[in-house]
Amino acid sequence: MSALDPAASSPLALDARATLGAARRSVAVRDRLFVALLLVLTSIGLIVLAALLIDTGIDGFPKISADFLTSFPSAFPAKAGIESALVGTLWLMAVVAAVIVPLGVATALYLEEYADHLKWWNRVVEVNIQNLAAVPSIVYGILGLAFIVRGPLGLGRTVLAGGLTLSLVVLPVVIVTAREAIRAVPPSIKEGALALGCTQWQAIWKQLLPASIPGIATGVILSLSRAIGETAPLILVGAATFVAFNPTGLDSAFTALPLQIFSWISQPKEEFQALAAAAIVVLLVVLIMLNAVAIWLRNRYQKRW
Amino acid sequence: MEASSTSVREVAPSAEQVLGAAQRHIGEKLIRVVLTLAAGVTILVTLGIIASLVGETLAFFQDEAVTVKEFLTGDTWTPLFSEPEFGIRPLVQGTLIISLIGLAVAIPLGLGTAIYLSEYAPRRVRQTVKPTLELLAGVPTVVFGYFALTFFTPKVLGDLAGLDVSVFNGLAGGIIVGIMIVPTIASVAEDAMTAVPQGLREGAYGVGASRRQVSTRVVFPAALSGIVAAIVLGASRAVGETMIVLIAAGQVPTTSLDPTGPMETMTAFIGATGKGDVPTGSTGYKAIFAVGFTLFVMTLLINAVAIRFVRRYRQVYE
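Nothing here was measured: the structure is a model prediction, and the numbers come from that model. (Residues numbered from 1 in each chain as written. Chains lettered and ligands numbered in written order. Predicted model: local features only at pLDDT ≥ 70, side-chain atom pairs only at ≥ 80, totals over all residues.)

Student: Outline the overall build of chain B, listing residues and values.
Tutor: Secondary structure assignment for chain B yields twelve helices and zero strands. Along its sequence from the N terminus, chain B presents helices and strands in the succession α-α-α-α-α-α-α-α-α-α-α-α. Here chain B, with 318 residues, has 47% of them falling under the buried criterion. Restricting to contacts in chain B with at least 6 residues of sequence separation, those with at least 24 account for 74%. (Helix = DSSP H or I, 4+ residues; strand = E, 2+ residues; numbered from the N terminus. Buried ≥ 20, exposed ≤ 12 C-beta atoms within 10 Å, placed from the backbone. Contact = placed C-beta atoms within 7 Å.)

Right, here's the structure in full:
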């Protein structure tokens, strides 16, 4: 900083008062500039978000109709719709939920209630989960392609393979949020149950879990909303891009909303871009609804202890 | 669960009770085993990732058309041509350029947002801005890709900034990747700044510092390891991002440094090649894994740094 800085300027100087006054003014000016800069930096992210929503809305809204929601993809843009993609996405979400809820909650319970954190293997599990959370989703796609679609599991390009792959992508998030929800329940609740003669599992099952369900549910919904938007792993697991039928079971071929969007974006024809925008609007509406449910759950059921 | 029916007054346990306790004991053990197995699944996932990547990567290097030397030092990447070349440099370079552009955008935006939210924003503003940032974080990357391709490149870079950019270009990809990681950087950095003890701020105010001086010279340095962690986490997400670059930056592996032209990242190559039905066992199929392995190692190293920094700032103040 310059000599105008009050901390740096000598108080013994003859014109100390004048210097100090000037210094204060200069600090005040710089303070204001700094706040202005922060406001600009903060608002850029929000402006881009607004531009994104408005731009896709303008491109996409005119295309949305009952026909769009209930038609299959087609080579003719005017006839194309997203029914198979929507139904595929619902199937995927069902598989993901069925996998991540038991697996995520069980792992969180193990780490919070059973694991001895001084043992090296438990620390390995924790660091491993942190790492998995930061592995790029396309790498999970590679795992899905090599081990789930082909290789050991050999499920083929099916709903089950896609759902399992997406489950692995979001599993670390579920574990972390479930752990936080469990930790938020005061130990006295469980200790009370133990003091009354409950076994450890009884205390967990009857006291700890019911108390942490809202937090866990919020985490699960947020994970689902992340899974809905994941595209890269599904590209590799190879949901076909042109599926003009709804999946009929876990072993059925499928497409999903983000994949359908990607496939339309990749088409050179202008009309398909508008279809992509319309599908994006549908996807964003689904996401916002899911998030609203999560926020509502959090506010409605979260206990203050 | 049957315990509630047991009367406290009974002194000698009946045979049934002893049996019940034994069964409970076995039940408790069983539950413990089940939960431990669930936690073990996460280890299996990591092992699965490593096994799938390493196996096919080794097979890739056993292919007679490929040498390790060419992979590491060659500067042409054309694995699907009839006379293929396998120098990974164009993909690594594309990844680095786009990530650096992204960080150049995201670091000032993310840290500015973090300082504002942690040190300046009134409660009500914070309660509006934070959920909005979460919304930004929740936008699927395929949507960002669409936005970069159909709006950002033609309207902002082309019309507004007057740049002569190609339809697919690294600049739009990089900037939008940057926007995507702003919420990550902002929220981790804000956590670190909020964790700085109030006493440090009050001490600085006590000797006459202004709010800006407190923010930049007390809070910022005190939260530095958390801020570094935020940036490193953002970098790792930028390196691993697929859809934005696949859609907006193009699929042309190049050693050109010009960000207004198309470039291909490692993730975009994996996505573009995995999309087509590459036959299992072909060199192109194995190339997916070799590139994936390189990407995995890069992000693993970045994450290790991030985890170390996060742990450090947690230790200091929590």
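From this point, the narrative continues.
Student: Lay out helix H11 (residues 266-275) of chain B with the relevant residues and their values.
Tutor: Burial analysis of H11(B) places seven of its ten residues in the buried class, which makes it a mostly covered element. For H11(B), the set of buried residues is B:Met266, B:Thr267, B:Ala268, B:Phe269, B:Ile270, B:Gly271 and B:Gly274.

Student: Help me get a handle on the environment of B:Phe61, residues and values and all.
Tutor: Residues and elements named next belong to chain B. For Phe61, the location among the structural elements is in helix H1 (residues 15-62). When the C-alpha positions of Phe61 and Thr283 are compared, they lie 9.5 Å apart, and in sequence the two are 222 residues distant. Setting aside residues up to four positions removed in sequence, Phe61 forms contacts with Val66 and Val68.

Student: Any details on the domain arrangement of chain A? Residues and values, ideally.
Tutor: All names here are of chain A. Annotation of chain A at the domain level lists domain 1 (16-63) and domain 2 (66-301). Listed per partner, the contact involves six residues of domain 1 and seven residues of domain 2. Of the residues belonging to the side of domain 1 that touches domain 2, the class tally is one nonpolar, three polar and two charged. (Domains from an automatic or database assignment. Nonpolar A, V, L, I, M, F, W, Y, C, P; charged D, E, K, R; others polar.)

Student: Residues and numbers for the nonpolar core, please.
Tutor: By size, the foremost hydrophobic cluster in this structure holds 185 residues, and its most contacted members are A:Ile142, A:Ala279, B:Ile176 and B:Ile185. Not counting residues up to four positions away in its chain, the partners in contact with A:Ala279 are A:Ile82, A:Leu257, A:Gln260, A:Ile261 and A:Trp264. (Core = buried A, V, L, I, M, F, W, Y, C linked by C-beta atoms within 7 Å.)

Student: Explain the interface of chain A and chain B residue by residue, including any values.
Tutor: The interface is formed by 69 residues belonging to chain A together with 73 residues belonging to chain B. Elements represented by at least two residues in the side of chain A that touches chain B include exactly helix H1 (16-60), helix H3 (83-114), helix H4 (120-134), helix H5 (137-149), helix H8 (200-229), helix H9 (232-237), helix H10 (257-265) and helix H11 (270-301) of chain A. It is H1(A) that contributes the most residues to the side of chain A that touches chain B, 19 residues altogether.

Student: Provide a residue-level description of the domain arrangement of chain B, including the pertinent values.
Tutor: Residues and elements named next belong to chain B. Taken as a whole, chain B is organised into domain 1 (2-62) and domain 2 (89-317). Counting residues at the interface gives seven residues for domain 1, matched by seven residues for domain 2. Partitioned by chemical class, the residues of the side of domain 1 that touches domain 2 number five nonpolar, one polar and one charged.

Student: Kindly report on the packing of H5(A) against H11(B), identifying the contributing residues and their values.
Tutor: Between H5(A) and H11(B), the shortest axis-to-axis distance is 10 Å and the interhelical angle comes to 35°. Once H5(A) is placed against H11(B), the crossing between them reads as left-handed. Only B:Thr267, B:Ile270, B:Gly271 and B:Gly274 of H11(B) make contact with H5(A), whose side of the interface consists of A:Ile138, A:Gly141, A:Ile142 and A:Leu145. Residue classes in the contact of H5(A) with H11(B) are distributed as four nonpolar, four polar and no charged. (Axes fitted to C-alpha atoms, helices over the stretch in contact; angles between N-to-C directions. Left-handed = near helix turned anticlockwise from the far one by under 90°.)

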